[in-house]
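Listed below are the residues making up each chain.
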Amino acid sequence: RSRIILKVNSVMAYNPTSPFQPETICKILIKSNLLTVYHAKEILRKKDSLLQKLENSRKKKSENVSANEMIANPPSIIDVIVSLNLSRQDNPTLPLDEETIFQALAAEWNFPFYKLDALKLDLNVVTSTIPRNFAMKHLVLPVEVKDGILTVSTPDPFNLEVLDDISVASKLRVQVVVSPKSEVIKLINEFFGFKRSIVAAQDQFGGSGVDLGNLEQYVRLSQTDELPSNDHHIINAVNHLFMYAFDQKASDIHI
(Lines give C-alpha, C1' and ligand atoms only; values in the text may rest on other atoms or scores of the structure.)
Protein backbone atom coordinates (compact mmCIF):
# COMPACT_ATOMS: atom_id res chain seq x y z
CA ARG A 1 0.00 0.00 0.00
CA SER A 2 1.45 3.33 -1.06
CA ARG A 3 2.49 5.74 1.67
CA ILE A 4 1.88 8.74 -0.59
CA ILE A 5 -1.64 9.61 -1.69
CA LEU A 6 -1.47 10.81 -5.30
CA LYS A 7 -3.78 11.09 -8.28
CA VAL A 8 -2.33 8.54 -10.71
CA ASN A 9 -3.37 10.47 -13.82
CA SER A 10 -1.45 13.55 -12.73
CA VAL A 11 1.79 11.64 -12.31
CA MET A 12 1.46 9.95 -15.70
CA ALA A 13 0.60 13.19 -17.49
CA TYR A 14 3.87 14.93 -16.56
CA ASN A 15 7.48 13.96 -16.24
CA PRO A 16 8.08 13.98 -12.45
CA THR A 17 11.70 15.02 -12.97
CA SER A 18 10.82 18.21 -14.87
CA PRO A 19 7.36 19.53 -14.08
CA PHE A 20 8.53 23.14 -14.27
CA GLN A 21 9.93 23.29 -17.78
CA PRO A 22 9.32 26.84 -19.07
CA GLU A 23 7.46 25.63 -22.16
CA THR A 24 5.20 23.39 -20.05
CA ILE A 25 4.35 26.15 -17.57
CA CYS A 26 3.57 28.64 -20.33
CA LYS A 27 1.33 26.14 -22.13
CA ILE A 28 -0.65 25.53 -18.94
CA LEU A 29 -1.10 29.26 -18.35
CA ILE A 30 -2.20 29.80 -21.95
CA LYS A 31 -4.63 26.89 -21.66
CA SER A 32 -5.97 28.40 -18.41
CA ASN A 33 -6.53 31.72 -20.24
CA LEU A 34 -4.12 33.50 -17.91
CA LEU A 35 -1.25 34.23 -20.29
CA THR A 36 -1.31 35.49 -23.87
CA VAL A 37 0.57 33.64 -26.59
CA TYR A 38 2.53 36.81 -27.29
CA HIS A 39 3.70 37.15 -23.68
CA ALA A 40 4.52 33.45 -23.54
CA LYS A 41 6.77 33.74 -26.61
CA GLU A 42 8.51 36.79 -25.15
CA ILE A 43 9.06 35.05 -21.82
CA LEU A 44 10.52 31.97 -23.50
CA ARG A 45 12.73 34.13 -25.71
CA LYS A 46 14.14 36.09 -22.79
CA LYS A 47 13.94 33.41 -20.08
CA ASP A 48 17.69 32.82 -19.73
CA SER A 49 18.55 36.47 -19.12
CA LEU A 50 15.53 36.94 -16.83
CA LEU A 51 16.42 33.87 -14.78
CA GLN A 52 20.02 35.09 -14.47
CA LYS A 53 18.81 38.48 -13.31
CA LEU A 54 16.68 36.89 -10.58
CA GLU A 55 19.52 34.60 -9.57
CA ASN A 56 21.92 37.54 -9.23
CA SER A 57 19.37 39.34 -7.09
CA ARG A 58 18.92 36.24 -4.92
CA LYS A 59 22.67 35.87 -4.39
CA LYS A 60 22.99 39.53 -3.46
CA LYS A 61 20.24 39.22 -0.87
CA SER A 62 21.78 36.03 0.55
CA GLU A 63 25.13 37.73 1.27
CA ASN A 64 23.83 38.80 4.68
CA VAL A 65 21.90 35.59 5.35
CA SER A 66 23.28 32.80 7.53
CA ALA A 67 23.86 29.35 6.05
CA ASN A 68 20.88 28.00 7.97
CA GLU A 69 18.55 30.60 6.48
CA MET A 70 19.65 30.23 2.84
CA ILE A 71 17.23 28.79 0.31
CA ALA A 72 18.73 26.18 -2.01
CA ASN A 73 16.03 26.42 -4.67
CA PRO A 74 17.05 28.62 -7.60
CA PRO A 75 14.54 30.90 -9.35
CA SER A 76 12.11 29.17 -11.69
CA ILE A 77 10.13 30.25 -14.73
CA ILE A 78 7.24 30.96 -12.35
CA ASP A 79 9.39 33.48 -10.48
CA VAL A 80 10.20 35.08 -13.84
CA ILE A 81 6.54 35.41 -14.80
CA VAL A 82 5.63 36.87 -11.41
CA SER A 83 8.48 39.39 -11.61
CA LEU A 84 7.11 40.78 -14.88
CA ASN A 85 3.92 42.03 -13.16
CA LEU A 86 1.68 40.94 -16.01
CA SER A 87 -2.10 41.15 -16.03
CA ARG A 88 -4.30 38.10 -16.38
CA GLN A 89 -5.52 37.36 -19.89
CA ASP A 90 -9.01 36.46 -18.64
CA ASN A 91 -9.29 39.59 -16.50
CA PRO A 92 -6.79 42.41 -17.20
CA THR A 93 -7.81 44.20 -13.99
CA LEU A 94 -6.21 41.40 -11.97
CA PRO A 95 -2.50 40.58 -11.71
CA LEU A 96 -1.01 37.31 -12.86
CA ASP A 97 0.44 36.69 -9.42
CA GLU A 98 2.05 33.65 -7.87
CA GLU A 99 -1.11 32.40 -6.16
CA THR A 100 -3.07 32.51 -9.42
CA ILE A 101 -0.32 30.63 -11.24
CA PHE A 102 -0.14 27.86 -8.65
CA GLN A 103 -3.91 27.56 -8.59
CA ALA A 104 -3.84 26.94 -12.34
CA LEU A 105 -0.97 24.46 -12.05
CA ALA A 106 -2.65 22.57 -9.22
CA ALA A 107 -5.84 22.25 -11.27
CA GLU A 108 -3.94 21.05 -14.33
CA TRP A 109 -1.89 18.58 -12.30
CA ASN A 110 -5.01 17.36 -10.51
CA PHE A 111 -3.74 18.22 -7.02
CA PRO A 112 -5.66 20.23 -4.39
CA PHE A 113 -4.60 23.86 -4.03
CA TYR A 114 -4.03 24.84 -0.39
CA LYS A 115 -4.21 28.47 0.73
CA LEU A 116 -1.81 28.79 3.64
CA ASP A 117 -2.99 30.65 6.73
CA ALA A 118 -0.62 30.74 9.70
CA LEU A 119 -3.44 31.34 12.16
CA LYS A 120 -5.05 28.04 11.18
CA LEU A 121 -1.93 25.89 11.38
CA ASP A 122 -0.70 23.92 14.37
CA LEU A 123 2.76 25.02 15.45
CA ASN A 124 3.70 21.54 16.66
CA VAL A 125 2.69 19.87 13.39
CA VAL A 126 4.71 22.36 11.34
CA THR A 127 7.86 22.37 13.46
CA SER A 128 7.98 18.88 14.97
CA THR A 129 7.33 16.68 11.94
CA ILE A 130 10.50 17.48 9.98
CA PRO A 131 13.62 19.60 10.68
CA ARG A 132 13.75 23.18 9.44
CA ASN A 133 16.75 22.58 7.15
CA PHE A 134 14.94 19.70 5.45
CA ALA A 135 11.74 21.73 5.10
CA MET A 136 13.60 24.69 3.58
CA LYS A 137 15.81 22.61 1.29
CA HIS A 138 12.87 20.76 -0.23
CA LEU A 139 10.16 23.41 0.33
CA VAL A 140 7.78 21.12 2.16
CA LEU A 141 5.47 22.29 4.95
CA PRO A 142 3.46 19.85 7.13
CA VAL A 143 0.09 21.48 7.68
CA GLU A 144 -2.26 18.91 9.23
CA VAL A 145 -2.47 15.43 10.73
CA LYS A 146 -5.87 13.77 10.58
CA ASP A 147 -6.97 10.12 10.61
CA GLY A 148 -3.41 8.88 10.22
CA ILE A 149 -2.76 11.10 7.19
CA LEU A 150 -0.20 13.91 7.15
CA THR A 151 -1.02 16.73 4.72
CA VAL A 152 2.11 18.32 3.26
CA SER A 153 2.00 21.59 1.37
CA THR A 154 4.60 22.18 -1.33
CA PRO A 155 5.06 24.03 -4.63
CA ASP A 156 6.43 20.79 -6.15
CA PRO A 157 4.03 17.86 -5.67
CA PHE A 158 6.18 15.64 -7.92
CA ASN A 159 9.07 15.40 -5.45
CA LEU A 160 8.08 11.83 -4.59
CA GLU A 161 11.36 10.77 -2.97
CA VAL A 162 11.18 13.60 -0.44
CA LEU A 163 7.51 12.92 0.28
CA ASP A 164 8.30 9.25 0.80
CA ASP A 165 11.07 10.20 3.27
CA ILE A 166 8.55 12.31 5.21
CA SER A 167 6.12 9.40 5.28
CA VAL A 168 8.78 7.02 6.60
CA ALA A 169 10.02 9.48 9.23
CA SER A 170 6.54 10.42 10.45
CA LYS A 171 5.10 6.89 10.15
CA LEU A 172 2.08 8.46 8.47
CA ARG A 173 0.61 8.35 4.99
CA VAL A 174 1.27 11.62 3.16
CA GLN A 175 -1.30 13.63 1.25
CA VAL A 176 0.11 16.30 -1.04
CA VAL A 177 -1.37 19.75 -1.62
CA VAL A 178 0.02 22.62 -3.68
CA SER A 179 0.83 26.08 -2.33
CA PRO A 180 2.85 29.03 -3.71
CA LYS A 181 6.60 28.76 -3.16
CA SER A 182 6.97 32.17 -1.51
CA GLU A 183 4.23 31.35 1.01
CA VAL A 184 5.82 28.02 1.92
CA ILE A 185 9.19 29.73 2.43
CA LYS A 186 7.61 32.52 4.47
CA LEU A 187 5.79 30.17 6.83
CA ILE A 188 8.79 27.89 7.29
CA ASN A 189 10.79 30.92 8.41
CA GLU A 190 7.99 32.32 10.59
CA PHE A 191 7.00 29.11 12.33
CA PHE A 192 10.50 27.84 13.06
CA GLY A 193 11.55 31.34 14.14
CA PHE A 194 8.52 31.56 16.39
CA LYS A 195 9.25 28.13 17.85
CA ARG A 196 12.87 29.09 18.58
CA SER A 197 11.70 32.21 20.41
CA ILE A 198 9.20 30.26 22.49
CA VAL A 199 11.72 27.53 23.36
CA ALA A 200 14.32 30.12 24.33
CA ALA A 201 11.76 31.88 26.50
CA GLN A 202 10.79 28.63 28.18
CA ASP A 203 14.45 27.87 28.91
CA GLN A 204 14.87 31.33 30.43
CA PHE A 205 11.89 30.78 32.71
CA GLY A 206 13.10 27.39 33.89
CA GLY A 207 11.03 25.30 31.50
CA SER A 208 7.64 26.60 32.65
CA GLY A 209 6.20 27.42 29.28
CA VAL A 210 2.89 27.49 27.51
CA ASP A 211 1.22 24.80 25.49
CA LEU A 212 2.35 25.11 21.86
CA GLY A 213 -0.80 24.78 19.80
CA ASN A 214 -1.61 27.25 17.04
CA LEU A 215 -0.42 30.82 16.73
CA GLU A 216 -3.82 32.33 17.46
CA GLN A 217 -3.71 31.36 21.13
CA TYR A 218 -0.77 33.69 21.69
CA VAL A 219 -2.93 36.76 21.19
CA ARG A 220 -3.78 36.51 24.89
CA LEU A 221 -0.09 36.88 25.81
CA SER A 222 -0.20 40.55 24.94
CA GLN A 223 -3.19 41.06 27.23
CA THR A 224 -1.53 39.89 30.45
CA ASP A 225 1.22 41.05 32.78
CA GLU A 226 2.91 37.65 32.68
CA LEU A 227 5.61 38.74 30.24
CA PRO A 228 8.43 41.00 31.43
CA SER A 229 8.92 43.89 29.03
CA ASN A 230 12.65 43.23 28.86
CA ASP A 231 12.36 39.59 27.80
CA HIS A 232 13.46 39.59 24.19
CA HIS A 233 12.57 35.95 23.53
CA ILE A 234 8.93 36.44 24.41
CA ILE A 235 8.88 39.78 22.61
CA ASN A 236 10.27 38.08 19.50
CA ALA A 237 7.66 35.34 19.71
CA VAL A 238 4.75 37.74 20.06
CA ASN A 239 6.18 39.95 17.31
CA HIS A 240 6.11 36.96 14.96
CA LEU A 241 2.37 36.69 15.52
CA PHE A 242 1.50 40.34 15.18
CA MET A 243 3.73 40.91 12.15
CA TYR A 244 1.88 38.10 10.39
CA ALA A 245 -1.52 39.33 11.54
CA PHE A 246 -0.70 42.85 10.33
CA ASP A 247 0.42 41.56 6.92
CA GLN A 248 -2.76 39.54 6.55
CA LYS A 249 -5.17 42.20 7.72
CA ALA A 250 -3.54 45.41 6.48
CA SER A 251 -5.78 45.53 3.44
CA ASP A 252 -8.83 45.51 5.72
CA ILE A 253 -7.74 48.63 7.62
CA HIS A 254 -9.66 51.75 6.65
CA ILE A 255 -8.77 55.22 7.90
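This one's a predicted model, so the numbers in the text were calculated from it and none came from an experiment.

Cut-offs and rules
- Residues numbered from 1 in each chain as written.
- Predicted model: local features only at pLDDT ≥ 70, side-chain atom pairs only at ≥ 80, totals over all residues.
- Heavy atoms only, no water.
- Helix = DSSP H or I, 4+ residues; strand = E, 2+ residues; numbered from the N terminus.
- Salt bridge = Lys/Arg side-chain N within 4 Å of Asp/Glu carboxyl O.
- Buried < 20%, exposed > 50% of the residue type's maximum accessible area, 1.4 Å probe, protein only.
- Contact = heavy atoms within 4.5 Å.
- Phe/Tyr/Trp six-rings, centres within 6.5 Å; stacked < 30°, edge-to-face > 60°.
- Pairing = 2+ DSSP bridges.
- Arc of directions from axis to C-beta.
- Axes fitted to C-alpha atoms, helices over the stretch in contact; angles between N-to-C directions.
- Parallel < 35°, antiparallel > 145°, perpendicular 65-115°, else oblique.
- Nonpolar A, V, L, I, M, F, W, Y, C, P; charged D, E, K, R; others polar.

### Concerning the environment of Ser57
Following the sequence through the fold, Ser57 ends up in helix H3 (residues 37-62). Residues Ser57 and Pro75 lie 18 residues apart in sequence; the distance between their C-alpha atoms is 10.0 Å.

### A short note on the pattern of salt bridges
Scanning the model with the defined rule gives 7 salt bridges in all. Put simply, Lys31 and Glu108 hold a salt bridge, and the shortest N to O gap is 3.1 Å. One end of the pair, Lys31, is in helix H2 (residues 22-31); the other, Glu108, is in helix H5 (residues 98-109), and 77 residues separate them in sequence. Relative accessible area serves as the criterion here: at 27%, Glu108 is assigned to the partly exposed category. Here Arg58 ties to Glu55 by a salt bridge, and the two come within 2.9 Å at their closest N and O atoms. In this pair, Arg58 and Glu55 both sit in helix H3, 3 residues apart, roughly one turn of the helix.

### What to know about the environment of Leu29
Checked against the element boundaries, Leu29 lands in helix H2. The spacing of Leu29 and Leu96 is 67 residues in sequence and 9.7 Å in space, taken between C-alpha atoms. With near-sequence residues (within four places) excluded, Leu29 lies in contact with Leu34, Leu35, Ile81, Ile101 and Ala104.

### Considering the packing of aromatic side chains
Taken as a whole and assessed by the stated rule, the structure comprises 3 aromatic pairs. Seen from their ring centres, Phe20 and Trp109 are 5.4 Å apart, and the 85° between their planes marks the pair as edge-to-face. Remark: Trp109 occurs in helix H5 and Phe20 occurs in the loop between helix H1 (8-13) and H2; sequence separation between them is 89 residues. A relative accessible area of 22% means that Phe20 is categorised as partly exposed. Aromatic pair Trp109 and Phe158: ring centres 5.1 Å apart, planes at 80°, arrangement edge-to-face. Placement of Trp109 in helix H5 and of Phe158 in the loop between strand E3 (149-154) and helix H8 (160-170) is noted, with a sequence separation of 49 residues between them. The buried category is assigned to Trp109, whose relative accessible area is 0%.

### Observations regarding the pairing of E3
Here E3 lies mainly inside the structure; 5 of its 6 residues are buried. Pairing between strand E2 (residues 141-146) and E3: 5 bridges, direction antiparallel. Along E3, the bridge assignment pairs Leu141 with Ser153. Linking two consecutive strands that pair antiparallel, namely E2 and E3, is a turn of 2 residues; a positive phi of about 55° is found at Asp147 within it. For E3 and strand E4 (residues 173-178), the ladder comprises 6 bridges, and the chain directions are parallel. Paired with Leu150 across the bridge in E4 is Val174.

### Section: H2
Pro22, Ile25, Cys26, Ile28 and Leu29 are the residues of H2 that are buried. Seen along its axis, H2 keeps its buried residues to an arc of 160°; they face one direction. The outward face of H2, more than 90 degrees from its buried face, is lined by the exposed residues Lys27 and Lys31. Summarising the contacts, the buried residues of H2 are in contact with H3, helix H4 (77-83) and H5.

### Regarding the packing of H2 against H5
Two elements in contact, H2 and H5, have axes separated by 10 Å at closest approach and are oriented at 95°. Relative to H5, the element H2 lies roughly perpendicular. Along its contact with H2, which presents Ile25, Ile28, Leu29 and Lys31, the element H5 presents Ile101, Ala104, Leu105, Glu108 and Trp109. In terms of residue class, the contact of H2 with H5 is built from 7 nonpolar, no polar and 2 charged.

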